[in-house]
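These are the residues of each chain, in order.
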Amino acid sequence: MAEAERIFVAGHRGMVGAAIVRALETRGEFDIVTRTHAELDLTDQAAVRRFFDEERPTQVYLAAAKVGGIHANNTYPGQFIYENLMIEANVIDAAYRSGTSRLLFLGSSCIYPKLATQPMAEGALLTGALEPTNEPYAIAKIAGIKLCESSNRQYGTDFRSVMPTNLYGPGDNYHPENSHVIPALIRRFHEASQSGLQEVSIWGTGTPRREFLYVDDMADACVHVMSLDRSVYVQNTEPMLSHINVGFGTDISIREVAEMIARTVGYQGEIVFDTSRPDGAPRKLMDSRRLNCLGWQARISLEDGLARAYRDFCASEGMR
């Protein structure tokens, strides 16, 4: 990427968008363009088109999305599918219309069927039923992939997609109900430790297995994929199956990650599992061989990443 690149990072205040900005800032003197939600509502088509007409970014990282855990997906399914569909449709279309040379769409591992063969390869897309608890969000993310692919096929654009596994790290959402598993457990174990609680209850059986990737590793992968020559990207993907998985490479049970977080936080009470609550998919491990063959590997271990995430949580709480 040349130094003259004008790069729009959509969703720069989110965990992933902020990490992408950090990654770009360490790589060169790019002209990084950002907008807050108050400055630009990405669900507003007219506003998005005006922004692209005025700013003319040469590259776009589409990291803006409405996200949340099982509880949030179950509670706000209409918002999750509508807002995500509108954001990606508006941004991808405006990027094409304004002549953006390259765009990266960030999806999610939930695009794959609930019972997909593990590890989940890119070819598993649209081969089975989705996990019901986050189906609306998954449908929106699948649509984003197909928007990019369809634009490439009809208009000759260079729009790419990456599918990250479960992410965590600095800037995460630590809301007690609407966050993902790692930030939710960091908060719960921290508060339990501070309050001297003898027991912490966790949804489900603790047996589902999940893969976790530190967000700065994800950002590094995004920049790596965007930096690939177009011919290399095309040769290693397919026109209608062009997304690339981004994972850590190994998974861990929810029970095991809960115990790791408890140790990181210093909580010494009992961990119990509420089996009346949903588990979600039994296992979600990404097959990231396509990206590995393109020269990228995750670097930050789960133990190290959890320690960094907990420091970020304590710092964010201390600033309130």
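Before reading further, recall that the structure is shown in the block above.
First, a word on what this report is: a plain description of the structure on this page.

Criteria and thresholds
- Residues numbered from 1 in each chain as written.
- Predicted model: local features only at pLDDT ≥ 70, side-chain atom pairs only at ≥ 80, totals over all residues.
- Heavy atoms only, no water.
- Helix = DSSP H or I, 4+ residues; strand = E, 2+ residues; numbered from the N terminus.
- Rg over C-alpha atoms; globule rule 2.2 N^0.38 Å.
- Buried < 20%, exposed > 50% of the residue type's maximum accessible area, 1.4 Å probe, protein only.
- Contact = heavy atoms within 4.5 Å.
- Areas by Shrake-Rupley, 256 points an atom, 1.4 Å probe, with all protein chains shown as cover.
- Lys, Arg positive; Asp, Glu negative; His and termini not counted.
- Charge placed at Lys NZ, Arg CZ, Asp CG, Glu CD.
- Phe/Tyr/Trp six-rings, centres within 6.5 Å; stacked < 30°, edge-to-face > 60°.
- Lys NZ or Arg CZ within 6 Å of the ring centre and 35° of its normal.

Here we look at the overall build of the protein
- Counting its regular elements, the protein contains eleven helices and 13 strands.
- On C-alpha atoms alone, the protein measures out to a radius of gyration of 19 Å, which is about the 20 Å that the 2.2 N^0.38 rule sets for 320 residues.
- Over its C-alpha atoms, taken along the principal directions, the protein stretches across nearly 60 × 45 × 40 Å.
- Buried residues in the protein amount to 52% of all 320 residues.
- Long-range pairs, those at least 24 residues apart, make up 82% of the contacts in the protein between residues at least 6 apart in sequence.
- Total accessible area on the protein is roughly 14200 Å²; 48% of this is exposed by carbon and sulfur atoms.
- Mean positive and mean negative side-chain charge positions of the protein (32 and 40 charges, respectively) differ by 2 Å.

Side note on the packing of aromatic side chains
- Counting across every chain of the model gives nine aromatic pairs.
- Summarising the aromatic geometry, the rings of Phe189 and Tyr267 are spaced 5.4 Å apart at their centres and angled 40° between planes, so their arrangement reads as tilted. With Phe189 in helix 6 (residues 181–195) and Tyr267 in the loop between helix 9 (254–265) and strand 12 (270–274), this pair connects stretches of sequence that are 78 residues apart. No difference in accessibility class separates Phe189 from Tyr267, as the two residues are buried.
- Among the aromatic residues, ring-to-ring pairing joins Phe8, Phe51 and Phe52 into one connected group.
- When the ring centre of Tyr76 is taken as reference, the NZ or CZ atom of Lys66 above it lies at 5.8 Å.
- Cation over ring: Arg308 sits above Tyr214, and NZ or CZ is 5.4 Å from the ring centre.

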